Amino acid sequence: MSSIIQLLPDHVANQIAAGEVVQRPASVVKELLENAVDAQATEIKLLIKEAGKSLVQVIDNGIGMSVTDARMCFERHATSKIRIAEDLFQLNTKGFRGEALASIAAIAHVELKTRQSDDQLGTQIVIEGSKIVSQQPSVTPQGTSIAVKNLFFNIPARRNFLKSDVVENKHIIDEFQRVVLAHPNIHFFLYINGNEVYNLPAGNLRQRIVAVFSGKTNERILPVQEHTEVVGINGFIGKPEFAKKSRTEQFLFVNDRFIKSGYLHHAIMGGFEGLIRDGLQPSYFIYLQIDPKHLDINIHPTKTEIKFDDEHTIYAILRSAVKHCLGQFKVAPALDFDKDPSLETPYELYRKEINIPSIGADPNFNPFGDTPKNAKPSSFSKGPEPAWKALYTDLPQEFPVIEAEFLPSQTKLFEEERSKHDFSNAQQLFNKYIVAKTANGLLIVDQNKAHQRILYENFLKNITVSKGFSQQLLFPISMQLNGPMKMIFNDISDALFNIGFQFETTDSEHISIIGIPTMIQESEAEDVIKQLITVISEGQVFDAFDLNDKIAKSLAMSVAIRNGQLLSSHEIDAVLQDLFSCMDHSVSPFGKPIHFTFTQDDLDRKFAL
Ligand code: ADP
Ligand code: MG
């Protein structure tokens with residue numbers, strides 16, 4: 001039989017390699033930014049269009065490339081950064097594999113413009129799917145500009161696999177933050193769809209952290225420093241009282257390279273031991289300097305994991321450096337450890353008074369008329385009612401009556417099951433459940449999940465069908481939003497407006513809340529919005545089918561009455577009424593059961609055992 005093994009053509013090999021190096025637009029961002037840093041740029045601009053799907057461009061003022069190098073840089077294993085194997089052990093550049101540009105050029109349309117300072121003219125190269133389309137001299141500033149367009153144009157499966165713009169932008173911003181935090185001495189810009197998201201002038205590390213994460217960070221961080229033979233440590237850690245639920249502000253760098261290490265994260269958390277309640281996360285921005293001899297950077301293709309010779313020693317030093325820093329700044333435990341953490345809410349919402357959800361139908365209201373917003377608020381409710389509720393016009397003002405277990409749809413509820421019971425006998429159990437006698441037996445409702453469902457439907461209707469009512473604030477609440485938060489805010493501001501929020505932009509970093517929906521308390525408004533932005537930016541999935549759904553779910557989760565919250569009999573009634581006028585009263589927006597009924601059969605069976 002004849003031989004069958006062949007060498008793969010270069011463009012195929014490059015495409016395969018690209019699969020490893022380029023997972024999404026953010027991978028391109030990382031590689032291009034690192035190349036610009038390695039080229040000793042003092043100013044680097046990142047331009048993104050359509051979450052990097054149509055454009056990722058990096059413009060630097062670094063050393064640039066000669067004509068030959070401009071051509072060479074797209075070859076696989078072509079690098080100026082190492083020459084011999086030993087160089088791997090004294091690396092001080094980000095790149096060294098020489099495969100990023102070859103990989104990117106294999107799966108995108110790339111335009112390179114570059115000029116070295118001594119040259120009059122620069123070079124422009126256009127390369128598409130590894131094929132050089134054109135090469136010519138070009139008038140271009142000193143430095144390099146690489147524009148990567150139509151990523152994955154020749155791998156449709158990969159392109160389709162990309163997530164929504166919000167999610168891809170979030171990955172891009174993450175990569176950007178990792179690079180800018182490692183290089184405060186470089187001036188960075190980030191533009192997304194033509195809008196300036198970041199302008200970070202060169203400065204010291206504290207200035208850089210504050211510029212990336214908003215002005216308040218300045219009072220919230222403490223310097224940490226430790227120098228030993230094995231490792232140098234410096235950077236900042238967040239004061240324990242500002243710990244939060246998300247891990248968005250945790251950064252660990254080794255020799256100015258962002259890394260992920262569960263082991264060293266554990267060491268840092270150990271330093272905070274006893275100062276932070278379970279489940280909360282402190283901020284940290286910690287920079288380790290370790291002799292490259294004792295590192296193996298080569299273990300992961302995208303290089304966020306590093307192997308150390310002496311991990312145990314580094315662990316111990318890091319933990320004690322954090323402890324020492326917290327001790328030095330006399331950060332005493334300011335927490336009440338006696339509280340039952342299961343009753344805790346993200347923003348102490350449990351202190352709020354419950355907003356009474358109510359039906360408040362206006363019998364005169366015609367939902368198909370032209371002016372739904374003129375629907376008169378019912379006398380039953382505290383504030384004006386969202387107009388959608390009037391859709392339930394044929395509901396009696398009394399409690400709706402149900403057979404909780406057998407309610408396939410609300411139509412049945414309203415048309416057939418009416419007026420057999422009321423809920424006036426309902427009681428709260430364990431400050432968590434609502435129990436009521438119905439025609440079918442004993443109805444048990446989870447108060448938190450019930451209220452989530454009520455709010456979720458309410459918010460969703462406000463966003464999509466009819467605008468919710470807004471309550472003007474006497475004193476506007478000023479909210480500080482950094483660039484990425486502002487961007488997400490812009491994406492969701494229409495939905496928030498429909499729900500009943502009103503805003504004014506004061507300056508580029510501040511937004512004032514001037515009106516809030518009636519079902520949200522003034523004291524929680526800012527936290528609710530910030531939490532929503534975090535949920536969206538972190539791409540936390542709760543199986544939402546679109547952005548509006550996600551907004552409604554996230555808000556419902558933040559604002560719903562909590563387990564552990566005592567309800568008055570009036571509030572109990574209101575929850576039950578509103579629950580059973582929901583489109584789907586049986587499962588929470590997160591797919592959990594809201595209520596069930598112990599029927600007579602169930603009880604008979606129990607006692608027959
Ligand atoms: P690596 O960074 O691992 O060397 P790359 O494929 O990213 O591999 O880049 C290949 C080479 O192209 C680099 O070694 C460098 O010499 C050159 N290069 C890439 N980007 C730039 C840039 N922005 N400025 C100057 N030279 C660059
Ligand atoms: Mg590189």
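Residues numbered from 1 in each chain as written. Chains lettered and ligands numbered in written order. Predicted model: local features only at pLDDT ≥ 70, side-chain atom pairs only at ≥ 80, totals over all residues. Heavy atoms only, no water.

**Student:** Could you clarify how one ought to interpret the overall build of the protein chain in this entry?
**Tutor:** Helices and strands together make up the secondary structure of the protein chain, namely 17 helices and 22 strands. Taking the contacts inside the protein chain whose residues are at least 6 apart along the sequence as the reference set, 68% of them involve residues at least 24 apart. Total accessible area on the protein chain stands at roughly 29000 Å², and carbon and sulfur atoms take up 52% of it. (Helix = DSSP H or I, 4+ residues; strand = E, 2+ residues; numbered from the N terminus. Contact = heavy atoms within 4.5 Å. Areas by Shrake-Rupley, 256 points an atom, 1.4 Å probe, with all protein chains shown as cover.)

**Student:** Would you take a moment to explain empty space enclosed by the protein for this structure?
**Tutor:** A water-sized probe rolled over the atoms picks out the places where empty space is left. Applying the stated criterion across every chain yields a total of four cavities of 30 Å³ or more. Space inside the largest cavity adds up to approximately 130 Å³. Lining the largest cavity are 14 residues; nearest its centre among them are K30, E34, R178, V179 and F258. Mapped by element, the contributors of at least two residues to the lining of the largest cavity are α2 (25-38), α6 (165-182) and β12 (257-259). Among the elements that make up the lining of the largest cavity, the one with the highest residue count is α6 (four residues). When grouped by side-chain class, the residues that make up the lining of the largest cavity number four nonpolar, two polar and eight charged. (1 Å grid on protein atoms, 1.4 Å probe; cavity = no way out; pocket = protein on both sides within 12 Å on 5 of 7 lines; lining within 4 Å. Points joined across faces, edges and corners; volume = space filled by probe spheres on them. Nonpolar A, V, L, I, M, F, W, Y, C, P; charged D, E, K, R; others polar.)

**Student:** Mind showing me how you'd approach the sheet that holds strand β18 (residues 441-446) here?
**Tutor:** Hydrogen bonding along the main chain pairs the strands of a sheet, whether they run parallel or antiparallel. Taken together, four strands build an open sheet; the order of strands is β16-β17-β18-β22 and the sheet is antiparallel. Among the strands making up the open sheet, the edge pair consists of β16 (427-429) and β22 (595-599). Along the sheet, successive strands turn relative to each other by an average axial angle of 30°, direction set aside. Looking at chain direction, strand β17 (residues 433-438) and β18 are connected through six bridges and run antiparallel. Paired with V435 across the bridge in β18 is I444. On top of the sheet, helix α12 (residues 447-464) reaches β16, β17 and β18; it is set at about 70° to β18, its chief contact. Set on the sheet, helix α16 (residues 569-579) makes contact with β16, β17, β18 and β22; between it and β17 the angle comes to about 70°. (Pairing = 2+ DSSP bridges. Axes fitted to C-alpha atoms, helices over the stretch in contact; angles between N-to-C directions.)

**Student:** Could you clarify how one ought to interpret the packing of aromatic side chains in this entry?
**Tutor:** The geometry of an aromatic ring pair is captured by the separation of the ring centres together with the interplanar angle, meaning the angle of the planes. This model, assessed by the stated rule, comprises 14 aromatic pairs. Aromatic pair F501 and F503: ring centres 5.8 Å apart, planes at 15°, arrangement stacked. Each ring, one from F596 and one from F598, has its centre 5.4 Å from the other, and the planes form 75°; the classification is edge-to-face. Given a relative accessible area of 30%, F598 falls into the partly exposed group. These aromatic residues form a ring-pair network of at least three members: F213, F251, F253, F258, F285 and Y287. One Lys or Arg, K163, reaches over the ring of F161 and ends 5.3 Å from the middle of that ring. (Phe/Tyr/Trp six-rings, centres within 6.5 Å; stacked < 30°, edge-to-face > 60°. Buried < 20%, exposed > 50% of the residue type's maximum accessible area, 1.4 Å probe, protein only. Lys NZ or Arg CZ within 6 Å of the ring centre and 35° of its normal.)

**Student:** Is there a simple way to explain the environment of L579 in this structure?
**Tutor:** You can see L579 is positioned in helix α16. When its relative accessible area of 0% is taken as the criterion, L579 is described as buried. As for L579 and Q452, which are separated by 127 residues in sequence, their C-alpha atoms are 9.5 Å apart. Ignoring any residue separated from it by four or fewer positions in sequence, one finds L579 in contact with V445, A450, R453, I454, H585, I594 and H595.

**Student:** Explain the layout of surface pockets to me, please; I cannot follow it from the model alone.
**Tutor:** Of the pockets and cavities examined, the second largest pocket occupies roughly 730 Å³. Taken together, 33 residues form the lining of the second largest pocket, with N35, C73, S80, K81 and L101 sitting closest to its centre. Of all the elements in the fold, those that place two or more residues in the lining of the second largest pocket are α2, β2 (55-60), α3 (67-72), α4 (100-106) and β6 (143-149). Among the elements that take part in the lining of the second largest pocket, α2 stands out by supplying six residues, more than any other. Among the residues making up the lining of the second largest pocket, the classes are represented as 15 nonpolar, nine polar and nine charged.

**Student:** Would you take a moment to explain the environment of V148 for this structure?
**Tutor:** Here V148 is to be found in strand β6. Once the C-alpha coordinates of V148 and V28 are considered, the two residues, 120 residues apart in sequence, prove to be 8.1 Å apart. Setting aside residues no more than four positions away along its own chain, V148 makes contact with V28, L32, S54, L55, V56, I104, A108, H109 and V110.

**Student:** Looking at this structure, how should I read the site of ligand 1?
**Tutor:** Lining the immediate surroundings of ligand 1 are 18 residues, of which N35, T79, S80, K81 and G98 lie closest. Note that a nitrogen atom of ligand 1 is positioned 2.9 Å from one of the side-chain N or O atoms of D60. Separating an oxygen atom of ligand 1 from a side-chain N or O atom of T79 is a distance of 2.6 Å. Residue composition of the shell around ligand 1, by class: seven nonpolar, seven polar and four charged. (Near = heavy atom within 4 Å. Polar contact = N/O pair within 3.5 Å; in protein donor to acceptor, adjacent residues only side chain to side chain.)

**Student:** I tried to follow the side chain of K530 on my own but got confused; where do I start?
**Tutor:** Relative to the assigned elements, K530 resides in helix α14 (residues 525-537). Those residues in contact with K530 that lie beyond four places of it in its chain are K216, M479, Q480, L481 and M485.

**Student:** Would you mind showing me how to read helix α1 (residues 10-21) here?
**Tutor:** Because each turn of an α-helix spans 3.6 residues, side chains separated by three or four positions in sequence point in the same direction. Here α1 spans 16 Å end to end across twelve residues, near enough to the 16 Å set by a 1.5 Å rise per residue. Within the span of α1, buried status applies to A13, N14, A17, A18 and V21. Looking down the long axis of α1, one finds its buried residues gathered within 145° of arc, a one-sided arrangement. For α1, the elements touching its buried residues are α2 and α4. (Expected span 1.5 Å × (residues − 1). Arc of directions from axis to C-beta.)

**Student:** Where do I start with the sheet that holds strand β11 (residues 250-254) in this structure?
**Tutor:** Spatial ordering of the open sheet is given by β9-β10-β13-β11-β12, a layout of five strands whose pairing is mixed. The sheet is open, and its two borders are formed by β9 (221-227) and β12, each paired with just one other strand. Strand after strand, the sheet turns through a mean of 20° between neighbouring axes, direction not considered. On top of the sheet, α6 reaches β11, β12 and β13 (284-289); it is set at about 55° to β11, its chief contact.

**Student:** Before we go on, may I ask you to explain the confidence of the model for the protein chain in this structure?
**Tutor:** Averaged over all residues, the pLDDT of the protein chain is 81; the fraction at 70 or higher stands at 82%. The model gives residues 332-421 a pLDDT under 50, and that stretch makes 167 contacts with residues more than four places away or in other chains. (pLDDT = per-residue confidence, 0-100.)

**Student:** Mind showing me how you'd approach the pattern of salt bridges here?
**Tutor:** Between side chains of opposite charge, a pair can form when the charged atoms approach closely. One pass over the structure, following the stated rule, counts 15 salt bridges. Taking the shortest distance from any N to any O, the salt bridge between E175 and R178 comes out at 3.5 Å. Taken together, the residues span about one helical turn, with E175 and R178 both in helix α6 at a distance of three residues. Each of the two residues, E175 as well as R178, counts as buried. The salt bridge partner of D291 is K293, with a shortest N-O separation of 3.3 Å. Taking the relative accessible area as the measure of exposure, K293 reaches 57% and is therefore exposed. Overlapping salt bridges, with partners in common, bring together K216, E526 and K530 in one network. (Salt bridge = Lys/Arg side-chain N within 4 Å of Asp/Glu carboxyl O.)

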